[in-house]
Every structure is written in structure tokens, then in C-alpha cells.
Amino acid sequence: MAVTKNVEIDKIQEAIDAGITDIGENRVQELEKKYEAFGNKINYHMIGHLQTNKVKYIIDKVKLIHSLDRMSLVKEINRRANQHNLIMDTLVQVNISGEETKYGLPPEEVMDFIEEVEKYENINIKGLMTMAPHVEDVEKTRVVFKKLAKLAKEIEKKDFKQTDMGILSMGMTNDYRIALQEGSNIIRVGRAIFGEREY
Ligand SMILES: *Cc1c(COP(=O)(O)O)cnc(C)c1O
């Protein structure tokens, strides 16, 4: 998936012409802008922290929300999905490294969280997402990806009805090669495609 935050429409169009089918955004307003430009020609992924009051703007636009991390968000997504008569696919964001600056549930809370989410009919869990810490020695991210893959295996063993572990969303420009070796099937790549971001 191409991460298109802070990338101009022209440049994204080039990426689409080159075969990109899925883009990721971490802000609702940016996602809406891209949706205005490309409509249903591509798939949209919400990859950043999502405020509950903004769910209504993206519920009928995104294919997958990668940042499910709390019950208030579950309830709001479920409510809005129900209004639109759709079932929203999501990934549970896990904070494997325990960094305070990172969003996501601690791994030990994920199982109970999923059990709760199972009560909501308009929301499905399709896998897990994590962000590895930014480190000098990229090899150090491997243990983070290994832990996410292992957690997914444990969840798979349970008999959840609306949850499967088909997707592991992990790996970015710095560490996607290692993430792929550890079982990632969605890498979220921005800078390696579009160059350094200008803020
Ligand atoms: C920005 C971002 C990425 C992409 O990072 P790059 O280093 O540009 O590849 C991936 N995932 C999330 C959640 C992001 O916010």
C-alpha cells in the first residue's frame, strides 16, 4: 500500500498509473481530499489514530481501518456502519514495543478486546497492525514483527465468528523487508515511493 500523506494529487496519479491500487492516509481530512480526486478508482485505508467524531466522514469511503484500538471507537464505527448498512473491516492496532508515544493496545489486552468487539455486528476484524520503533539498527525491528505474527497465531486458535487473522499490516520504508520476512502481507510504504515528505 502506498502511504500518500502530504503527497500531491499529481504524484499520486503517477503512482496509480504505475499500478498502485491502495493508498493509506493517517488523517481524515487528507483522506477526504484524496477521495474527492480519485473516487472509487482506488482503495482507501485509514492507518492513523482515528477520533470517534470523524468516523462518520470516512465510514463509506475506506476499505480497511488499521487503527482499531479502543471500545469507544468500536462502538462508533459499528453505529455508523449500521446506518450505512455495511460491515466495516478493521485491524486491531497493537503496541508491541510498549513505547508511550505509540497508539495501540498492549498485546496482553488484545484477546479480551476482540472478545468484546465480537458483540458488534457491523464490524469485522481482519488481522493486526503494528508500528515498529524507529531504530538505527533496523534488524532490531524483527522481534516486534515476530511478536505480532505470534499473537495472530494465538488469536487464530480461538473460535471467533467475526474475526480472522488474514492480514498482518506491518513494515514501512525503513523496515518493510524485515516485516515481509516475518509474514507481513500489507506493507505501508510512503517515502520509498514518493521521496522524503515536506511538512
Ligand atoms: C507515515 C506512515 C507510514 C509510512 O511511513 P514511511 O516511512 O513514509 O514509509 C506507515 N504507517 C503509518 C501508520 C504512517 O503514519
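Above this text you will find the structure in question.
Bear in mind the structure is a predicted one, so any value in this text is a computation, not a measurement. (Residues numbered from 1 in each chain as written. Predicted model: local features only at pLDDT ≥ 70, side-chain atom pairs only at ≥ 80, totals over all residues. Heavy atoms only, no water.)

Peer 1: Got a minute to help me understand the pairing of strand β3 (residues 43-46) in this structure?
Peer 2: The side chains of a regular strand alternate, first on one face of the sheet and then on the other. Of the pairings in the sheet, the one linking strand β2 (residues 22-25) to β3 comprises four bridges and is parallel in character. Counterpart to I23 in the pairing with β3 is Y44. Once you follow β2 into helix α2 (residues 28-38) and on to β3, the crossover reads as right-handed. In this structure, β3 lies alongside strand β4 (residues 64-68), joined through two bridges in parallel fashion. Residue pairing in the sheet places H45 in a bridge with L64 of β4. (Pairing = 2+ DSSP bridges. Helix = DSSP H or I, 4+ residues; strand = E, 2+ residues; numbered from the N terminus. Right-handed = clockwise from strand over helix to strand, strands pointing away.)

Peer 1: What is the right way to read the site of the ligand from this model?
Peer 2: As a matter of local geometry, the ligand sits amid V3, K5, N26, I47, M131, M172, T173, R188, V189, G190, R191 and R197. In this structure, an oxygen atom belonging to the ligand sits 2.5 Å away from a side-chain N or O atom of T173. Between the ligand and R191 there is a distance of 2.9 Å, counted from an oxygen atom to a backbone nitrogen or oxygen. Protein burial of the ligand: of its 390 Å² of free accessible surface, 95% is covered by the chains. In terms of residue class, the shell around the ligand is built from five nonpolar, three polar and four charged. (Near = heavy atom within 4 Å. Polar contact = N/O pair within 3.5 Å; in protein donor to acceptor, adjacent residues only side chain to side chain. Areas by Shrake-Rupley, 256 points an atom, 1.4 Å probe, with all protein chains shown as cover. Nonpolar A, V, L, I, M, F, W, Y, C, P; charged D, E, K, R; others polar.)

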